[in-house]
Amino acid sequence: MTEEKKTPVSDEEYDIKQWILKEDNALAILEELSDRDLDDLGDAEEENARELVKSLDLFAPAVEIAGTFLNADESISFADLKELIDKEPRKRDKNLCKQEKTLLAAFRVAAKARANDKHLDDLLHFLAWSGPEPMRCSLAAAALEQDEVEASWKKTVELGTGLRVLVKTTGVETEEEGENKTDETDTEDRYSLHPALYK
């Protein structure tokens with residue numbers, strides 16, 4: 001059984017502005033995902049956190065990546081992460097806006113620190129062109145000539161979800177047509193990109 005290939009979201013349907021947060025909202029997301037209480041850390045660290053979210057262009061998926069990364073590595077401060085992301089070269093692509101380039105920089109910093117995963121870029125590109133509908137993990141693995149039960153593939157998927165660039169869904173109800181019509185629940189994991197990454 002094959003899944004219908006979807007076309008990427010058109011420019012008319014894609015609005016980057018919907019993913020740009022107000023500064024206080026971005027700060028709250030960073031605080032929650034990093035599991036760091038800004039009231040306890042003091043004014044100086046709160047200011048560092050504000051500078052970090054502003055350097056991320058207040059772009060929701062970039063803030064989410066930063067927060068989960070900081071949660072995973074307590075030795076990295078807000079200022080440290082801002083410096084790392086600021087130093088990361090921005091991709092030269094006229095099809096990407098400023099926020100998307102910042103997102104890719106944040107992703108690369110987090111990915112380099114968390115793991116050297118050679119398959120994740122391939123998976124992200126494949127899902128980008130297959131469309132926003134969640135795809136079965138087994139189908140994505142087969143398309144990229146990977147074995148879904150291998151530790152390396154599981155690590156790739158876990159890294160993507162950990163960095164919040166992949167969204168995981170389960171428990172899709174399906175219905176078979178015909179004389180032997182039955183209702184089933186397909187529990188195989190499905191993955192899609194974070195909605196802000198479709199363009």
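Right above here is the structure, for reference.
Treat the numbers as computed from the prediction; the structure is a model and nothing was measured.

Asks: Could you give an account of unusual backbone geometry, naming the residues involved and the relevant values?
Replies: With phi around 60°, D35 is a residue other than glycine that occupies positive phi space. The residue D35 is located in the loop between α1 (23–34) and α2 (38–41) in this model. Positive phi outside glycine occurs at E145, with the angle close to 55°. Mapped onto the elements, E145 comes out in the loop between α8 (137–143) and α9 (151–162). The exposure class of E145 is exposed, given its relative accessible area of 72%.

Asks: Describe helix α4 (residues 60–72), naming the residues involved and giving the relevant values.
Replies: A rise of 1.5 Å per residue sets the reference length of α4, with its 13 residues, at 18 Å; its end C-alpha atoms lie 19 Å apart and thus fit the reference within 8%. Most of α4 is tucked away: 11 of the 13 residues are buried. Of the positions making up α4, those classed as buried are A60, P61, A62, V63, E64, I65, A66, G67, T68, F69 and L70.

Asks: Describe the packing of aromatic side chains, listing the residues and the values that go with them.
Replies: All chains considered together, the criterion is met by zero aromatic pairs. Sitting over the face of the ring of F78, R36 holds its NZ or CZ atom 5.6 Å from the ring centroid.

Asks: Describe the sheet that holds strand β5 (residues 190–193), and please don't skip the residues or the numbers.
Replies: Strand order in the open sheet formed by three strands is β1-β5-β2, with antiparallel pairing between adjacent strands. Each edge of the open sheet carries a strand with a single partner, namely β1 (135–136) and β2 (166–169). Bridge count between β1 and β5: two bridges; the pairing is antiparallel. Bridge pairing in β5 links R136 to R190. With respect to the sheet, helix α7 (residues 120–130) is in contact with β1, β2 and β5, its orientation differing from that of β5 by roughly 85°. Contacts from α9 reach β2 and β5, with the element oriented near 105° to β2.

Cut-offs applied
- Within each chain, residue numbers correspond to sequence positions counted from 1 in written order.
- Restriction of local features to residues with pLDDT of at least 70 applies here, the model being predicted, together with a cutoff of 80 or more for giving and counting side-chain atom pairs; totals for whole chains, interfaces and linings are based on all residues.
- Only hydrogens and water are set aside; all other atoms, that is, all heavy atoms of the structure, feed into the side-chain values.
- What counts as a helix is a DSSP run of H or I of at least four residues, what counts as a strand is a run of E of at least two, and both are numbered from the N terminus.
- Only protein chains enter the accessibility calculation, which uses a 1.4 Å probe; a residue is then buried when its area is under 20% of its type maximum, exposed when over 50%, and partly exposed in between.
- Expected helix span is given by 1.5 Å per residue-to-residue step, counting one fewer step than there are residues.
- Stacked, edge-to-face and tilted are the three classes for Phe, Tyr and Trp ring pairs, Trp counted by its six-membered ring, which pair at centre distances within 6.5 Å; planes under 30 degrees apart are stacked, over 60 edge-to-face, the rest tilted.
- In our convention, an over-ring charge means Lys NZ or Arg CZ found within 6 Å of a ring centre and within 35 degrees of that ring's normal.
- Strands are labelled as partners when DSSP assigns at least two bridges between them.
- Contact definition: two residues touch when any of their heavy atoms are within 4.5 Å.
- Helix axes are fitted to C-alpha atoms over the stretch in contact, other axes to C-alpha atoms as well, and angles between N-to-C directions run from 0 to 180 degrees.

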